[in-house]
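Breakdown of the fold
Each chain is listed here by its residues.
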Amino acid sequence: MEPGNHTGIVEFYLLGLSENPEVQSALFGLFLSLYLVTIFGNVLIILAIVSDPKLHTPMYLFLSNLSFSDVCFTSATVPKMLLNIQTQNKRITYVGCITQMYFFTVFGLLDNLLLTVMAYDRFVAICHPLHYTVHMNPKLCSQLLLLAWLTSILGALPESLTALRLSFCAIVEIPHYFCELPEILKLACSDTFINNVVLYIVTGIMGFFPLAGILFSYSQIVTSVLQISTAGGKYKAFSTCGSHLSVVSLFYGTCLGVYLSSTWTQASWAGVIASVLYTVVTPMMNPFIYSLRNRDMKRAMTMLLCNLSSLS
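Residues numbered from 1 in each chain as written. Predicted model: local features only at pLDDT ≥ 70, side-chain atom pairs only at ≥ 80, totals over all residues. Heavy atoms only, no water.

With that settled, the discussion passes to the overall build of the chain. Counting its secondary structure elements, the chain contains 12 helices and three strands. Relative to the compact-globule value of 20 Å for 312 residues, the chain shows a C-alpha radius of gyration of 21 Å, a close match. For the chain, the spread of C-alpha atoms along the principal axes amounts to about 70 × 50 × 35 Å. Counting across all 312 residues of the chain, residues that qualify as buried make up 46%. Total accessible area on the chain is roughly 15,800 Å²; 70% of this is exposed by carbon and sulfur atoms. Between the averaged position of the 14 positive side-chain charges in the chain and that of its 14 negative side-chain charges there is a distance of 17 Å. (Helix = DSSP H or I, 4+ residues; strand = E, 2+ residues; numbered from the N terminus. Rg over C-alpha atoms; globule rule 2.2 N^0.38 Å. Buried < 20%, exposed > 50% of the residue type's maximum accessible area, 1.4 Å probe, protein only. Areas by Shrake-Rupley, 256 points an atom, 1.4 Å probe, with all protein chains shown as cover. Lys, Arg positive; Asp, Glu negative; His and termini not counted. Charge placed at Lys NZ, Arg CZ, Asp CG, Glu CD.)

Scored by pLDDT, the chain comes out at a mean of 86, with 91% of its residues at no less than 70. When mean pLDDT is compared element by element in the chain, helix α6 (residues 138–155) scores highest at 96, while helix α10 (residues 231–264) scores lowest at 72. Taken together, the stretch residues 1–7 has pLDDT below 50 and engages in 18 contacts with residues farther than four places along the chain or on a different chain. (pLDDT = per-residue confidence, 0-100. Contact = heavy atoms within 4.5 Å.)

Two side chains with opposite charge may pair up if their charged atoms get near one another. Tallied over the entire structure, the rule returns four salt bridges. Ionic pairing is found between arginine 122 and aspartate 121, a salt bridge with its closest N-O pair at 2.8 Å. Note on aspartate 121: relative accessible area 0%, which makes it buried. (Salt bridge = Lys/Arg side-chain N within 4 Å of Asp/Glu carboxyl O.)

What follows concerns the side chain of serine 64. Looking at the element boundaries, serine 64 is found in helix α2 (residues 58–75). Owing to a relative accessible area of 13%, serine 64 belongs among the buried residues under this scheme. When residues no more than four places from it in sequence are discounted, the contact partners of serine 64 are Ile46 and Ile49.

With numbering matched to this structure, UniProt assigns "transmembrane region" (unreviewed entry) to residues 26–50, 102–120, 197–216, 237–261 and 267–289. The span residues 26–50 is 100% helix and 0% strand, and its two end C-alpha atoms sit 36 Å from each other. Within the segment residues 102–120, helix and strand shares are 100% and 0% respectively, and the terminal C-alpha atoms sit 27 Å apart. (UniProt positions renumbered as here; feature names shortened; annotations may be inferred.)

Take helix α12 (residues 295–311) next. Three- or four-residue spacings in an α-helix give side chains the same orientation, since the helix completes a turn every 3.6 residues. Across its 17 residues, α12 extends 24 Å between first and last C-alpha, which sits within 8% of the 24 Å expected from 1.5 Å per residue. Those residues of α12 lying buried are Met297, Ala300, Met301 and Leu304. What you see down the axis of α12 is that its buried residues fit within an arc of 95 degrees, all on one side. Residues Arg295 and Ser310 are exposed on α12 and point more than 90 degrees away from its buried face. (Expected span 1.5 Å × (residues − 1). Arc of directions from axis to C-beta.)

Relative to the assigned elements, glutamate 183 resides in helix α8 (residues 181–187). Ignoring sequence-local partners within four residues, the contact set of glutamate 183 consists of Ile174, Pro175 and His176.

Contact pair helix α4 (residues 94–127) / α6: the axes reach a minimum separation of 8 Å and the direction vectors enclose 150 degrees. The orientation of α4 relative to α6 falls into the category roughly antiparallel. Taken as a pair, α4 and α6 cross one another with a handedness that is right-handed. Residues Tyr102, Val106, Phe107, Leu109, Leu110, Leu113, Leu114, Val117 and Tyr120 of α4 form the contact with α6, whose own contacting residues are Leu144, Leu145, Ala148, Trp149, Thr151, Ser152, Ile153 and Gly155. (Axes fitted to C-alpha atoms, helices over the stretch in contact; angles between N-to-C directions. Parallel < 35°, antiparallel > 145°, perpendicular 65-115°, else oblique. Left-handed = near helix turned anticlockwise from the far one by under 90°.)

With that out of the way, let us pick up the pairing of strand β3 (residues 171–174). Burial along β3 is one-sided: Val172 and Ile174 are buried, while Ile171 and Glu173, pointing the other way, are not. Alignment of strand β1 (residues 11–14) against β3, held across four bridges, turns out to be parallel. If you follow tyrosine 13 over to β3, its bridge partner there is glutamate 173. (Pairing = 2+ DSSP bridges.)

Moving on: the sheet that holds β3. If you walk across this open sheet you meet the three strands as β2-β1-β3, and the pairing is mixed. On the outer flanks of this sheet lie β2 (91–92) and β3, each paired with one strand and no other.

The relation between two aromatic rings is expressed through the spacing of the ring centres and the mutual angle of the planes. Scanning all chains against the criterion turns up 16 aromatic pairs. Pairing tyrosine 177 with phenylalanine 178 gives two aromatic rings, centres 5.0 Å apart and planes at 65 degrees, and the pair type is edge-to-face. For the pair tyrosine 177 and phenylalanine 178, one class covers both residues: buried. A network of ring pairs unites the aromatic residues Phe31, Phe73, Phe104, Tyr177, Phe178 and Tyr278 as a single cluster. (Phe/Tyr/Trp six-rings, centres within 6.5 Å; stacked < 30°, edge-to-face > 60°.)

Empty space among the atoms can be located by rolling a probe the size of a water molecule over them. Within the structure shown, the criterion is met by two cavities of 30 Å³ or more. Roughly 150 Å³ of volume is contained in the largest cavity. Surrounding the largest cavity, 14 residues form its lining, Leu15, Gly16, Gln24, Asn84 and Ile85 being those nearest its centre. Those elements that provide at least two residues to the lining of the largest cavity are α1 (21–51) and α3 (78–87). The biggest single contributor to the lining of the largest cavity is α3, with three residues. Of the residues in the lining of the largest cavity, the class split is seven nonpolar, six polar and one charged. Quantified by volume, the second largest cavity comes out at close to 30 Å³. The wall of the second largest cavity is formed by Phe12, Tyr94, Cys97, Ile98, Met101, Ala163, Phe168 and Ile184. Among the elements that take part in the lining of the second largest cavity, α4 stands out by supplying four residues, more than any other. For the lining of the second largest cavity, the residue count by class is eight nonpolar, no polar and no charged. (1 Å grid on protein atoms, 1.4 Å probe; cavity = no way out; pocket = protein on both sides within 12 Å on 5 of 7 lines; lining within 4 Å. Points joined across faces, edges and corners; volume = space filled by probe spheres on them. Nonpolar A, V, L, I, M, F, W, Y, C, P; charged D, E, K, R; others polar.)

Structural data, given as structure tokens:
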């Protein structure tokens, strides 16, 4: 990297996961497969929910938005990595880097908020079943979705806008397969104090409050379920939120892994592996979790696949 501080045109290079051609070929096949499975699985969930009137409920409305968000979340990073491997061109423009970082943050925040909304939905369904249709009416569901989308779009702006004030050396080599803000800040030639403050504030607010909401919802759910006298009733109550709890654990577990790897170790590969888990693996696993653990979802997806096969 050339020394010096430049404010002109800066070239960014995504070094990716490996520079070995044989390893790159294997990575291309692996990530292409994971990406296609992610797209197919999440699109299948959306189509199944839209085509089945029995799934036109608040829980599945939120799930369809989560699936759409997962598709966009993965699409913000993986296609560019696949293109770089295929063309052997690691360059990404400054505008492209900031744009990728913004949309990656938007859909990451949206995933987080949708999981919180879904936890609230399960809380109302289990703790206040008689008032569920009153509380979770179409107007409130639309307002919750609108709030989640607006909060994500606006919440991603501070990090991206403050990144515009940074200056870099003439060539910036990012040891990652996408433009992740913490990696960008490490390579800046200018002072990053304001950027780090904004990063910690946004991460703290957008991480703490949704997680607190999820934990509160499930604490109330567990308390209510334990008061059910029959074992069958307890199982039925837990089964209605088992899929969501699995997705929450997977999402926050991998995000926590990224945070801990970047905080406690200087090895960049540790952060990259953790990033792969929550940017690629988690969105891919969500359709499997919801289809395998949810009988209504499994039935709707089976009917959709049968209808599609009959058309072909």
